[in-house]
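Now for the letters of each chain:
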Amino acid sequence: MASRKGSRGAGGSPSPGSKRETKHGGSKNGKKEGLSGSSFFTWFMVIALLGVWTSVAVVWFELVDYEEVLAKAKDFRYNLSEVLQGKLGIYDADGDGDFDVEDAKVLLGEEPGGVAKKKTKVKGLKERSVPAQPTSPESEETIQPAEKSYVESEHKKADIELEEEIQSVLHEALHSQPDADLLADDLGAMEPEPYEAQVLYEYDMDVEKTVSDPEAPGDSELMLEDAIEHYTEDRVHGDYNEDHEPKHEKQTETQDTAVEDLPEEVNEAAEPVEIIEDFDIDKELSVESKRTEDVVATEPEESEMPVQAEDYSNDDVVGKSEKETEQDKTEKAKKKKKPKLLNKFDKTIKAELDAAEKLRKKGKVEEALRAFEALVSQYPQSPRARYGKAQSEDDLAEKMRSNEMLQKAINTYDEVVSLPNVPSDLIKLSLKREADRQQFLGRMRGSLVTLQKLVQLFPSDTSFKNDLGVGYLLIGDNSNAKKVYEEVLSLAPNDGFAKVHYGFILKAENKIAESIPYLKEGLESGDPGTNDGRFYFHLGDALQRMGDKEAYKWYELGYQRGHFASVWQRSLYNVKGLKAQPWWTARETGYTELVKSLEKNWKLIRDEGLAVMDKKRSLFLPEDENLREKGDWSQFTLWQQGRKNENACKSVPKTCALLERFPEATGCRRGQIKYSIMHPGTHVWPHTGPTNCRLRMHLGLVIPKEGCRIRCAQDNRTWEEGKVLIFDDSFEHEVWQDAETYRLIFIVDVWHPELTAQQRRTLPAI
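Small disclaimer: the values here were computed from a predicted structure and weren't measured.

Undergrad: Before we move on, can you summarise the packing of helix H20 (residues 462–474) against helix H21 (residues 478–491) with the specific residues and values?
TA: Relative orientation of the contacting elements H20 and H21 amounts to 165°, with a least axis distance of 8 Å. By the angle between their axes, H20 is roughly antiparallel relative to H21. For H20 against H21, the interelement crossing comes out left-handed. Between H20 and H21, the contacting residues are Thr462, Lys465, Asn466, Leu468, Gly469, Val470, Tyr472 and Leu473 on the first element and Asn478, Asn480, Ala481, Val484, Tyr485, Glu487, Val488 and Leu491 on the second. Here the contact of H20 with H21 is built from residues that sort into nine nonpolar, five polar and two charged.

Undergrad: Tell me what's going on with the packing of helix H23 (residues 512–525) against helix H24 (residues 533–545), and back it up with residues and numbers.
TA: Contact pair H23 / H24: the axes reach a minimum separation of 9 Å and the direction vectors enclose 140°. In terms of their interaxial angle, H23 and H24 are classed as oblique. For the crossing formed where H23 meets H24, the hand is left-handed. Across from Ile512, Ser515, Ile516, Leu519, Lys520 and Leu523 in H23, the residues of H24 making contact are Phe535, Tyr536, His538, Leu539, Ala542, Leu543 and Arg545.

Undergrad: Could you give an account of the state of the cysteines, naming the residues involved and the relevant values?
TA: Across all of its chains, the model carries one disulfide by this definition. With no disulfide partner, Cys668 has as its closest neighbouring cysteine sulfur the one in Cys693, 8.6 Å distant.

Undergrad: Describe the sheet that holds strand S9 (residues 682–687), listing the residues and the values that go with them.
TA: Read from one edge to the other, the open sheet built from five strands follows the order S5-S9-S14-S11-S12, with strand pairing classed as antiparallel. Two strands bound the open sheet, and with one partner strand each, they are strand S5 (628–630) and strand S12 (715–717). The sheet shows a mean angle of 20° between the axes of neighbouring strands, taken without regard to direction. Relative to strand S14 (residues 733–737), strand S11 (residues 708–712) runs antiparallel, the two being bridged by five bridges. Residue Cys712 lies in a different strand from S14, and its bridge partner there is His733.

Undergrad: Give me helix H18 (residues 424–440): which residues, what numbers.
TA: When the terminal C-alpha atoms of H18 are compared, their 24 Å separation across 17 residues agrees well with the 24 Å that a helix rising 1.5 Å per residue should span. H18 sits mainly inside the fold: 16 of its 17 residues count as buried. Directly beyond the C-terminal end of H18, a positive phi value near 85° is found at Gly442.

Undergrad: Help me get a handle on a nonpolar patch on the surface, residues and values and all.
TA: A grouping of Phe40, Phe41, Phe44 and Met45 is seen on the molecular surface, where their side chains present a nonpolar patch of about 460 Å² in accessible area. With respect to the secondary-structure elements, Phe41 resides in helix H3 (residues 37–60). Given the relative accessible area of 52%, Phe41 is considered exposed.

Undergrad: Now, about the side chain of Ser392: what can you tell me, with residues and values included?
TA: Its location among the elements puts Ser392 in helix H16 (residues 383–400). Its relative accessible area of 0% is what places Ser392 among the buried residues. When sequence neighbours within four positions are dropped, the list of residues in contact with Ser392 reads Arg360, Val365, Ala368, Leu369 and Phe372.

Undergrad: An account of the pairing of S11 is requested, with residue identities and associated values reported.
TA: For S11, the buried fraction is high: four of the five residues fall into the buried class. Counting the residues that bridge the hairpin from S11 to S12 gives two residues, and of these Ala713 lies at a positive phi of roughly 60°.

Undergrad: Can you tell me about the pairing of strand S8 (residues 672–678), naming the residues and giving the values?
TA: By the criterion of burial, S8 is predominantly enclosed, with seven of the seven residues buried. Judged from the seven bridges that link them, strand S6 (residues 633–640) and S8 form a sheet pairing that is antiparallel. Bridging from a neighbouring strand, Trp633 pairs with Met678 of S8. In the sheet, S8 pairs with strand S15 (residues 743–751) via six bridges, with the strands oriented antiparallel. Considered in S15, the bridge of Ile673 is made with Val748.

Undergrad: Could you give an account of the environment of Ser676, naming the residues involved and the relevant values?
TA: Of note, Ser676 is situated in strand S8. Along the primary structure Ser676 and Leu701 are separated by 25 residues, whereas in three dimensions their C-alpha atoms are 9.8 Å apart. For Ser676, the side chain forms a polar contact with the side chain of Arg743, separated by 3.1 Å.

Undergrad: Break down the pattern of salt bridges for me, with residues and values.
TA: The tally for this structure, following the rule as stated, stands at 32 salt bridges. Ionic pairing is found between Glu521 and Lys499, a salt bridge with its closest N-O pair at 2.9 Å. Residue Glu521 is found in helix H23, and its partner Lys499 is found in helix H22 (residues 496–508); the two are separated by 22 residues along the sequence. Of the charged contacts, one joins Arg606 and Asp607 as a salt bridge, the two residues approaching to 3.1 Å between their closest N and O atoms. Each of Glu357, Arg360, Lys361, Arg384 and Asp395 takes part in one network of salt bridges that share partners.

Undergrad: How would you summarise the packing of aromatic side chains if you had to cite specific residues and measurements?
TA: If you walk through the whole model with that rule in mind, you get twelve aromatic pairs. An angle of 65° between the planes, with centres 5.5 Å apart, marks the rings of Phe345 and Tyr379 as edge-to-face. Here the residue Phe345 occupies a position in helix H13 (residues 344–348), and Tyr379 occupies one in the loop between helix H15 (365–378) and H16, the gap between them amounting to 34 residues. Since its relative accessible area comes to 26%, Phe345 is described here as partly exposed. Between Lys428 and the ring centre of Phe458, over which it is positioned, the NZ or CZ distance is 4.9 Å. Sitting over the ring of Tyr555, Arg570 keeps its end group 3.6 Å from the ring centre.

Cut-off values and rules
Residues numbered from 1 in each chain as written. Predicted model: local features only at pLDDT ≥ 70, side-chain atom pairs only at ≥ 80, totals over all residues. Heavy atoms only, no water. Axes fitted to C-alpha atoms, helices over the stretch in contact; angles between N-to-C directions. Helix = DSSP H or I, 4+ residues; strand = E, 2+ residues; numbered from the N terminus. Parallel < 35°, antiparallel > 145°, perpendicular 65-115°, else oblique. Left-handed = near helix turned anticlockwise from the far one by under 90°. Contact = heavy atoms within 4.5 Å. Nonpolar A, V, L, I, M, F, W, Y, C, P; charged D, E, K, R; others polar. Disulfide = S-S within 2.5 Å. Pairing = 2+ DSSP bridges. Expected span 1.5 Å × (residues − 1). Buried < 20%, exposed > 50% of the residue type's maximum accessible area, 1.4 Å probe, protein only. Patch = residues over 30% accessible without salt bridge, like charges linked within 9 Å, V, L, I, M, F, W, Y side chains within 5 Å. Areas by Shrake-Rupley, 256 points an atom, 1.4 Å probe, with all protein chains shown as cover. Salt bridge = Lys/Arg side-chain N within 4 Å of Asp/Glu carboxyl O. Polar contact = N/O pair within 3.5 Å; in protein donor to acceptor, adjacent residues only side chain to side chain. Phe/Tyr/Trp six-rings, centres within 6.5 Å; stacked < 30°, edge-to-face > 60°. Lys NZ or Arg CZ within 6 Å of the ring centre and 35° of its normal.

Have a look at this one:
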């Protein structure tokens, strides 16, 4: 409006307005050369208001997708990073699979001695570039509610960030250390999980599955196997079939109150069937011999969950001294060494390998498998492509829960090793994972062959010998395991992992005194793989049998480290949160009808038992699990692990018929129903049962007037004929029979009353 008025005034006689305009800034000839102060202000306000309302409209009506702009900017950064790395990869001079500062120094002909100062500068560059590191794919793809405010504000500075990110990419490509490599990520991102081996029981080829709680996926549970002279590791086999029952070999609990196989701890912190994709080769393959525990989810309401072990590395009893030896420093330096997974040929196709690996890392398993299969088809001589194919099959097996696919992965891992010019680090990773997956499927002997191959290829690596020793223990071959650990200790006398396992084997051979120093020194070493409840358990037990009160010092330490529920309650296969007390009443258990029935029919039960003693005494089998200090103790079992012994029940039909009415007893897959006879002069060592999932009832049948007693925790009791005693045998207990005649009782195990129906159905048998 103002401009049009001004132009009309300029073509006619001067108006008062034009005179004023000339006076205050117009030209002498009457032509307008600028806006007046008021007109300039008016225009400024109009433009400002238009800008504000335009901005409001853009934001209000979401005319621009700023999140997409940011995503494209970050994607551009990734692409640029990959392009730069791929282009510079051809200048790799030190054989680590990428271009880095060391390669540049080699190409420039710089002497090794003059590297230090420049290295510091480069490190500084890298550290300054860290804030611009790209976020993980997960954080890019999913915006949590708490991040919305950040996203809304971020679009205001998108241009500035894009420029900074491009500069950061250039810094990374030109100045970063080798750990920026996608392929090398395959080994550097994950610490090996703690090896929580639970030993003592023979491991058959078809052993138990583990159980995990859907509500607490970190919790899992192992199953016990045979007697004390055998060993099972925490990596109990399972497979992806969820509908079959766990299988067991002989699992005889030959004691008055519990399986006294001195069970081993299950530290159930590992996630169910986790696929190890990224790990540090030097940590994974070091003496620690740590293991992952493979868990198959069968959807129980709650799985067993011992308390997590805490770090007591500075404890006065256990742990290394504060002063680190030179040898330790050297070993740590070795662990920092970056593994090499690419041979010369694989370096020429590194960009293609990176692209396929990126798919796998993003969880696009099917696409990754297709990509690696194409690479294997195109480059059959490529070890890294074959290894990527194996990993993708491994991941897909977990996703599909397919044993068939997992077997394909195992076969492909084995193929990697058979190719020419395979880097030694890749051989180690392939064979280690192959052995692990074979154990998961329960193919212990196949895993043993794989471990033997590792030892043959790398004879100086004691960690593989340690793994081989565990492999022998898993199949119950203590003799060969002992030879392996003797060899390890001859090469590395201070190897704590070898010491605790060797001590365990000696104790299983009943060489109690000899086992103590190995168990003690192994625990005191603080070496990886030694902080395990089973070793505290066995050391304490050995000390108790030698009459050494230091046993409770180790039990206390095991409790502090989370291996035991308490100093007295040392079971290792537990469901968290169950009521724990040594002695129970019938009312507290809720099984009053069962108790009444037992006490009402005690004479019938007694008479049938005595008839077996008179006519079929051979049905009473001696306790053979090394629980007695001295004496004669035998048992006649009717139910075990929830399975009825039909032949045994033919000898005591009325007793078995009586019990059929009580599924809390006959269906207790973590206990037994049996007669127990103990003769004068018998002493049963202090011991604990394997699990807190059951309670044990003792019905007195033939009880001498004096000389027979049982201690549970710190309370002593005696039996009465026709009366039931109830206790929790996961607490330490001990039995003396110093009477002049035999003692006969009837033992009935029942589920802990607080276990749910779902748990009773799904918890593996013991």
